[in-house]
Amino acid sequence: MVPDCALCVLTELGQAYAALDRHQEAVETFEEYLTTPMLFRLGTDNINMHMVLIGLGQSYEALGENEKAAEYYGRILEMWADPDPELMDRVRELRTALGRVGGE
């Protein structure tokens, strides 16, 4: 059984790896977040999922894996299809990133 905040730790660890330009390790950690089974993870996902998807997009982009980067940038943009006004700058940045990696 996974402790309640194990997913939180994975998010933070992935972000730390990315900040250190250890993008392969960041990808592995963020992917572990996505594949770790946990009951009642909705609340945790509400807090962390956007950070995980953005981190995957950025890390895959840094690794030159543009197709995978586009996949994750696209997923977060789908989640934020109708964003609150305070998220619009971030959405524009993500759209630019998606275009940079060849996404739609």
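Note that this is a predicted model, so its numbers are computed, not measured. (Residues numbered from 1 in each chain as written. Predicted model: local features only at pLDDT ≥ 70, side-chain atom pairs only at ≥ 80, totals over all residues. Heavy atoms only, no water.)

> I tried to follow the nonpolar core on my own but got confused; where do I start?
One recurring pattern in soluble globular proteins is that nonpolar side chains are buried together. Core analysis: the largest hydrophobic core is formed by 26 residues, its most contacted members being Tyr33, Leu56, Tyr60, Tyr73, Ile76, Trp80 and Leu94. Listed by contribution, the elements that provide at least two residues to this core are helix H1 (6-19), helix H2 (23-35), helix H3 (42-62), helix H4 (66-79) and helix H5 (88-100). Contact partners of Leu94, with chain neighbours within four places excluded, come to Ile54, Tyr73, Ile76, Leu77 and Trp80. (Core = buried A, V, L, I, M, F, W, Y, C linked by side-chain atoms within 4.5 Å. Buried < 20%, exposed > 50% of the residue type's maximum accessible area, 1.4 Å probe, protein only. Helix = DSSP H or I, 4+ residues; strand = E, 2+ residues; numbered from the N terminus. Contact = heavy atoms within 4.5 Å.)

> Would you mind showing me how to read the environment of Val27 here?
You can see Val27 is positioned in helix H2. For the pair Val27 and Asp82, spaced 55 residues apart in sequence, the C-alpha to C-alpha distance is 27 Å. When neighbours within four sequence positions are excluded, Val27 is seen to be in contact with Leu56, Ser59, Tyr60 and Leu63.

> Honestly, the packing of aromatic side chains in this entry has me stumped. Any pointers?
Considering all chains together, one arrives at one aromatic pair under this definition. Each ring, one from Tyr60 and one from Tyr72, has its centre 5.9 Å from the other, and the planes form 5°; the classification is stacked. Placement of the pair is Tyr60 in helix H3 and Tyr72 in helix H4, with a sequence separation of twelve residues. Both residues of the pair, Tyr60 and Tyr72, belong to the buried class. The residue whose ring lies beneath Arg41 is Tyr33, and the NZ or CZ to ring-centre distance is 5.1 Å. (Phe/Tyr/Trp six-rings, centres within 6.5 Å; stacked < 30°, edge-to-face > 60°. Lys NZ or Arg CZ within 6 Å of the ring centre and 35° of its normal.)

> Before we go on, may I ask you to explain the pattern of salt bridges in this structure?
For the coordinates displayed, the defined rule picks out six salt bridges. When the shortest N-O distance is used, the salt bridge between Glu93 and Arg90 registers 2.6 Å. Here the residue Glu93 and the residue Arg90 both occupy positions in helix H5, the gap between them amounting to three residues, near one helical turn. (Salt bridge = Lys/Arg side-chain N within 4 Å of Asp/Glu carboxyl O.)

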